[in-house]
Amino acid sequence: DSDALDSFIAELLPGEQAQHFCLWLAAGLRAQACVSFAPGQMVGLAGPAGCGKSLLQAVVAAAFGGRSACPYQYLTGETKFNQHLAEAEVWTIQDCASSTDIRTRRKFGASLKEAIVNREIAVYPKGGKAVMLPTFRRVTASFNDEPENVMLMPPMDESLLDKVNLYHCGHSEVGDDRAKTWSTFTAELPAFLHQCLALKVPAKWRDNRYGVKSFQHPLLLEILSSAAQESRLLNIVDETLFTSKDGAPWVGSATQLERQLSATDMAPIVAKLCYYSTACAVYLSRLAAKQPERVTKQVKDGKPVWTISAPK
């Protein structure tokens, strides 16, 4: 039986998260067994310190054969050498010094997409030539659930939503004797994996590409959304341009908006946000897609004109 492991995962991933995780794990095990190199979503685990996140990552690594390596420096462009990653089925990120800089996070996101989807990766050994190799891999990351720690994750745009699972962890009580707990878990692992493989994917979660659709806990998505660059821009607009109570909307071009915001006390933050020439227009486009009740675009004389409504 797998009673201890079942209880651990049920406590750590409350609600339907535990079932979804088991289905994700089963899809990966099938892909590994038949050497199909089928892609699988990254698993992000956010929760309080000491809740059991890292222990679950160890369970995942053991399930796929026991070899794991940290890919964070490679995925953020800090190094191109990645031979150690090609030798590990599980890429494990935990306790890394993450950056909230948007350029680093976007690089992380772009590299993450490749790591999740691509059958082959360019393997760069130190002192040797790069070679393209097909590799099986699954990526997991764990971080505390405070907003500044959740910002380890890249911005969750449409191209990334189907490639990432975000689970909000509760606290799982496993006792102080971690060696004994791990011995119990490894003894139960075969039965637990057999149990996972016997599960059937509910219709609402079926996905032809990944075996199971992605899952993101609403609270974690809200944290990431509120920290997104476009949300920060709108917050600055609300704080600086809508100080009166007349409720009149702001109308103008992206360049005019950036110039007006740069003349306020928020100028240093605006400069960091709009670090490339079209950044303000890009953020407005995203806001128009996400919050059409607040931001709209019209084209006049061949040029885009933005309307930003006052917050209610």
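To be clear, the structure that these remarks concern was listed above.
Within any chain, residue numbers begin from 1 and follow the written order of that chain's sequence. Totals for whole chains, interfaces and linings use all residues, but because this is a predicted model, local features are given only for residues with pLDDT of at least 70 and pairs of side-chain atoms are given and counted only at 80 or more. Excluding hydrogens and water, the side-chain figures rest on all heavy atoms present in the structure.

## Points about the pattern of salt bridges
Salt bridges are identified by distance alone: a Lys or Arg side-chain nitrogen within 4 Å of an Asp or Glu carboxyl oxygen. Tallied over the entire structure, the rule returns six salt bridges. Between Asp-162 and Lys-163 there is a salt bridge, with the nearest N and O atoms lying 3.1 Å from each other. For Lys-163, a relative accessible area of 10% corresponds to the buried category. The salt bridge partner of Lys-290 is Glu-230, with a shortest N-O separation of 2.6 Å. Working definition: with a 1.4 Å probe on protein chains only, accessible area under 20% of the residue-type maximum means buried, over 50% means exposed, and in between means partly exposed.

## Brief notes about the packing of aromatic side chains
Stacked, tilted and edge-to-face are the three classes assigned to paired rings of Phe, Tyr and Trp, where Trp is represented by its six-membered ring and a pair needs centres within 6.5 Å; plane angles under 30 degrees give stacked, over 60 edge-to-face, the rest tilted. A full pass over the atoms with the stated rule returns nine aromatic pairs. Seen from their ring centres, Tyr-275 and Tyr-276 are 5.0 Å apart, and the 75 degrees between their planes marks the pair as edge-to-face. Taken together, the aromatic side chains of Phe-21, Trp-24, Phe-64, Phe-136, Tyr-167 and Phe-215 make up a single cluster linked through ring pairs. In our convention, an over-ring charge means Lys NZ or Arg CZ found within 6 Å of a ring centre and within 35 degrees of that ring's normal. A cation over an aromatic ring shows up here: Lys-204 above the ring of Trp-205, its NZ or CZ 4.9 Å from the ring centre.

## With respect to helix H14 (residues 279-290)
Over its twelve residues, H14 extends 17 Å from the first C-alpha to the last, a length consistent with the 16 Å expected when each residue adds 1.5 Å. Restricting attention to buried positions, one finds in H14 the residues Ala-279, Cys-280, Tyr-283, Leu-284 and Leu-287. Projected onto a plane normal to the axis of H14, the buried residues spread over an arc of 130 degrees and lie on a single side. Here, two residues are considered to be in contact whenever any of their heavy atoms come within 4.5 Å of each other. By the criteria applied, helices consist of DSSP H or I runs no shorter than four residues and strands consist of E runs no shorter than two, each listed in order from the N terminus. Buried positions along H14 lie against helix H11 (229-241), helix H12 (254-262), helix H13 (267-273), strand E11 (295-300) and strand E12 (303-308). Multiplying 1.5 Å by the helix residue count minus one yields the expected span of that helix. Each C-beta atom gives one direction from the helix axis, and the arc is the one those directions make.

## Comments concerning empty space enclosed by the protein
Definitions used for this entry: grid spacing 1 Å over protein atoms alone; cavity, a set of points where a 1.4 Å probe fits but cannot get out; pocket, an open set with protein on both sides within 12 Å along at least 5 of 7 lines; lining residue, one with an atom within 4 Å of a point. Grid points are joined across faces, edges and corners, and a volume is the space filled by probe spheres set on the points. Scanning the model with the defined rule gives one cavity of 30 Å³ or more in all. Here the largest cavity is characterised by a volume of approximately 60 Å³. In terms of lining, the largest cavity is formed by Phe-37, Ala-38, Pro-39, Ala-115, Ile-116, Val-117, Asn-118, Arg-119, Thr-135, Phe-136, Arg-137 and Arg-138. Ranked by residue count, the leading element in the lining of the largest cavity is helix H6 (residues 102-117), at three residues. Classification convention: Asp, Glu, Lys, Arg as charged; Ala, Val, Leu, Ile, Met, Phe, Trp, Tyr, Cys, Pro as nonpolar; all other residues, Gly among them, as polar. Across the lining of the largest cavity, the residue classes tally to seven nonpolar, two polar and three charged.

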